[in-house]
Amino acid sequence: MKFRDGMWLVNDQFTVQHAEEVYTVTPREDNKAITLLCPSKKIFSRGDTLNLTTLSVELEAQFDGVISLEVTHFAGARRLGPDFELFPDGRPEVKGEVKRSGAGNGTTVTSGSLSATVSGDEHTFDIKFHATDGSKTLTSLLNRSIGLAYSPALSSPKQVEDLSAHKHYVFTQTELSVGESIHGLGERFGAWNKVGQNVEVWNDDGGTSSEQAYKNISFWLSSRGYGVFIDTPDRIDMEIGSERCSRLQTTVEGQRLKWYLIYGPTPKEVLTKYSILTGKANRVPAWSYGLWLSTSFTTSYDEQTVRHFVERMSESRIPVEVFHFDCFWLRAFHWCDFIWDPESFSDPAGQIKRMKEAGLANKVSVWTNPYVGQASPVFKYAAEKGYLLKKTNGDVWQWDLWQTGMGIVDFTNPEACDWFRACMEKLFDMGVDSIKTDFGERVPTKNVQWHDKSMDPSRMHNYYAFIYNKLVYETVQKRFGEHEAILFARTATAGCQRFPLQWGGDCESTPAALAESVRGGLSLGLASFAFWTSDIGGFEGYPPPWIYKRWVAFGLLNSHSRLHGSNSYRVPWLVDDSSTEPENCTDVLRHWVQLKRRLMPYLYAQAEESVANGWPTSVRAVALEFPDDPTSWYVDREFMVGSQILAAPVFEESGDAEYYLPPGRWFNFWDGKEVQGGRWIKEKYGFLQCPLFVREGSVLVLGQAESEGGFGYDWLNSGGELRLYGVKEGDQAVLVDTTGRRNGVLEVDSNGELKGMDVLSGDWKVKRLG
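Going by the annotation in an unreviewed UniProt entry, the name recorded for the chain is alpha-D-xyloside xylohydrolase, with Dothidotthia symphoricarpi CBS 119687 given as the source organism. Heading Sequence similarities (unreviewed entry) of the UniProt record for the chain holds this comment: "Belongs to the glycosyl hydrolase 31 family." Quoted straight from UniProt, the Catalytic activity (unreviewed entry) entry for the chain says "Hydrolysis of terminal, non-reducing alpha-D-xylose residues with release of alpha-D-xylose."

Written as structure tokens, this is what we have:
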């Protein structure tokens, strides 16, 4: 939202007041925080202290490299919930310090490697965030960079007596440095660098080709080695160099705005500290990395259809790790009452058991959402019990968008949570292993009242994603074990990285949509989401074979891989009409599934490292690995698979690919040829390959392409290949088994030989490249 009309004028829709100077600086007793009293005009006489606004600004040391800033106008405003669950794994020790020093008695708050200095010059407002050692200035709050606004504009100060007809906003404007780029804010499908964009942090069901996003995360990362977490689940409006070109404006409606500035100095260190604040992803089971096959959305299917699909996949030597039943396992108009459609699935428990016993799928997933359609008898039951969100007059809140007359499960009601858990337990009793938690974005904010009356409806809009996915995830954990739980979640907010995994929502079947999905995965990974994927082939429409095959390559290089569509199936033989031509859809899918299975020793070890540090495993931004390479901050058509492998999808039907290799020595995964980085390269690729390069110094552990055991096979004892890419003494690979346990380390010694191979068994071949 733009408060100004150009640089000189105020937007006539607003009354705007700024903090014009720091009048007093008050240290807290523990010497870890200060409070600034900031009037909205410069104070030259006692008379100037009357009839004006003041803003209170608190700077507090949180833990090493993290300082929070909170701006408050009227401190008497109630602090309604919900609030993010911060420091879920415990809060680090705070070693903060406040010092007065320098010209003008400036005041500095220090929190380990990060400091914030408030200028002591008279009649000024200037807060500088910088490295404590003085090596780097990160950003500043300069003149007129903190303020409040009323809308519509006030005609008289007396109107503030009753603000029911006005909105009240608080905002900050941090300085953008020359060449600085801004990234993140959740799963966003537009340009990866957000400078020049207006972004609203507000969950919505808008597909993958608009400014709306399913997963809005109030955290952004700067190319200058810091990030900012905005501590509210409410709507946030961001003008990122789009009102003032040199400033990033953050606005919330209300009386307070709090954010945490997090200093790395590397972007990976920023993410690690962010994950300490909001939580880390949990490990997911090894079997979940295999191929997930869905029935698709509106397609007509029953037990016979499902059986045909998994049998044909088995005959094609394409193992299905997880079979997913989408919406129409339920009866039409009844979603989601957890009752199987008896006409299509007369014996769901028996069907699931037979499918597993035949080895046609190892696990089963089903679709759910947190709504109940009025046509289901369960709606009446849930309404009478008080399990559904209500209006302020006591009516159940309902609408016809999605399911006719649907209500929303009120997860602030403990009894509703118990009921929802019991519904899922019945699914688990039938053989279901995983839940797809769809929807949860369109949560109303007007004229509604939650069971927990301390909840602000506006703050609940985004936060609903957290309580919904947390409830389901912890229910799956309780049934199957802490590290055997996995979701397929669409909506998210800050902290939802704790409940993996997330997928990219409803994309079209076009090359542009494939690129959108890459950008979405890159952006979400910058909020410590370790695991992410998209609908292979695209969700909407009928993918032409070439798009399907290129998306297969991309999807199987994600941490997780699912074939899923809307009104058409995604089994390969239906995409190309059972073609027997070379590189047909079936052969291409088999090839990439086998490649991913070979990569499992590497992928699982990378995932363990990612989970421990709050990094993305899936679709990792190149800039995280090469932050000192300026080009890497503008590359959004490629990604890292973990830390050692760079991949670039192919977006052209001709097979032409254009990709960027950061500086250094790289090795083509397919033929081992060495390539010098620091440049863009154009090449043509068939469907069995894409640009895939291993960086110098990598010890790559590759397992078996095919054998018994699915994706959770015992790769450390099954034999395979060890590739050494331009290694030197000390280069290594961590060996992790299927439980995530560290079994050992392969390390290159002074003679160029591998130490630590004694923990491996089976036939292992060593191949040296470069």
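Engineer: Would you mind going over the sheet that holds strand S43 (residues 720–725) in detail, with residue names and values included?
Structural biologist: Strand-to-strand pairing in sheets goes through backbone hydrogen bonds, with the strands running parallel or antiparallel. Taken together, the 3 strands give an open sheet; going across it, the order is S42-S43-S47, and neighbouring strands pair in mixed fashion. Each of the sheet's edge strands pairs with one partner strand only, and the pair in question is strand S42 (698–702) and strand S47 (764–769). Each strand axis lies, on average, 15° off the axis of its neighbour in the sheet, ignoring direction. Across 5 bridges, the pairing between S42 and S43 is antiparallel.

Engineer: With reference to specific residues and values, describe the packing of aromatic side chains.
Structural biologist: Here the structure, examined in full by the defined rule, presents 58 aromatic pairs. Aromatic pair phenylalanine 84 and tyrosine 463: ring centres 6.3 Å apart, planes at 50°, arrangement tilted. Placement of phenylalanine 84 in the loop between strand S7 (66–72) and strand S8 (96–101) and of tyrosine 463 in helix H6 (residues 457–480) is noted, with a sequence separation of 379 residues between them. Accessibility assignment for this pair places phenylalanine 84 and tyrosine 463 in one class, buried. On the numbers, 4.8 Å between centres and 75° between planes, the contact of phenylalanine 328 with tryptophan 335 is edge-to-face. The class of phenylalanine 328 is partly exposed, set by a relative accessible area of 27%. Geometry around tryptophan 503 places arginine 562 over its ring, the cationic atom sitting 4.9 Å from the centre.

Engineer: Outline the sheet that holds strand S3 (residues 15–18), supporting the account with residue identities and numerical values.
Structural biologist: Read from one edge to the other, the open sheet built from 6 strands follows the order S3-S13-S14-S20-S19-S16, with strand pairing classed as antiparallel. Looking along the sheet, the strands with just one partner apiece sit at the ends: S3 and strand S16 (197–201). Going across the sheet, the axis of each strand differs from the next one's by a mean of 20°, ignoring polarity. Bridge analysis of S3 against strand S13 (residues 146–151) gives 4 bridges, and the strand direction is antiparallel. Bridging from a neighbouring strand, threonine 15 pairs with tyrosine 150 of S13.

Engineer: How would you explain the domain arrangement of the chain if you had to name every residue and give the values?
Structural biologist: Taken as a whole, the chain is organised into domain 1 (4–75 + 96–155 + 165–224 + 226–263), domain 2 (288–368 + 413–439 + 458–605) and domain 3 (622–768). Using only C-alpha atoms to locate each centre, domain 2 and domain 3 end up separated by 26 Å. Between domain 2 and domain 3, the contact holds 35 residues from the first and 49 residues from the second. Buried surface at the junction of domain 2 and domain 3, both sides included, amounts to about 3,800 Å², of which 67% is carbon and sulfur. Remark: the boundary between domain 2 and domain 3 carries 2 salt bridges.

Engineer: Can you explain the layout of surface pockets? Please cite residues and give values.
Structural biologist: Reported here for the largest pocket is a volume of approximately 1,300 Å³. As for the largest pocket, its lining consists of 40 residues, of which Asp234, Glu253, Gly254, Asp456 and Arg459 are closest to the centre. Where the lining of the largest pocket is concerned, the elements lending two or more residues are strand S14 (167–175), strand S19 (236–240), strand S20 (247–253), strand S21 (256–263) and H6. Of the residues assigned to the lining of the largest pocket, the class counts are 14 nonpolar, 9 polar and 17 charged. Volume-wise, the second largest pocket comes out at about 550 Å³. If you trace the second largest pocket, you find 26 residues lining it, with Gln606, Glu609, Gln732, Ala733 and Val734 closest to the centre. Elements that contribute at least two residues to the lining of the second largest pocket include exactly helix H10 (585–613), S42 and strand S44 (732–736). With 7 residues, the top contributor of residues to the lining of the second largest pocket is H10.

Criteria and thresholds
Residues numbered from 1 in each chain as written. Predicted model: local features only at pLDDT ≥ 70, side-chain atom pairs only at ≥ 80, totals over all residues. Heavy atoms only, no water. UniProt positions renumbered as here; feature names shortened; annotations may be inferred. Pairing = 2+ DSSP bridges. Helix = DSSP H or I, 4+ residues; strand = E, 2+ residues; numbered from the N terminus. Axes fitted to C-alpha atoms, helices over the stretch in contact; angles between N-to-C directions. Phe/Tyr/Trp six-rings, centres within 6.5 Å; stacked < 30°, edge-to-face > 60°. Buried < 20%, exposed > 50% of the residue type's maximum accessible area, 1.4 Å probe, protein only. Lys NZ or Arg CZ within 6 Å of the ring centre and 35° of its normal. Domains from an automatic or database assignment. Contact = heavy atoms within 4.5 Å. Buried area = accessible area lost by both parts, 1.4 Å probe. Salt bridge = Lys/Arg side-chain N within 4 Å of Asp/Glu carboxyl O. 1 Å grid on protein atoms, 1.4 Å probe; cavity = no way out; pocket = protein on both sides within 12 Å on 5 of 7 lines; lining within 4 Å. Points joined across faces, edges and corners; volume = space filled by probe spheres on them. Nonpolar A, V, L, I, M, F, W, Y, C, P; charged D, E, K, R; others polar.

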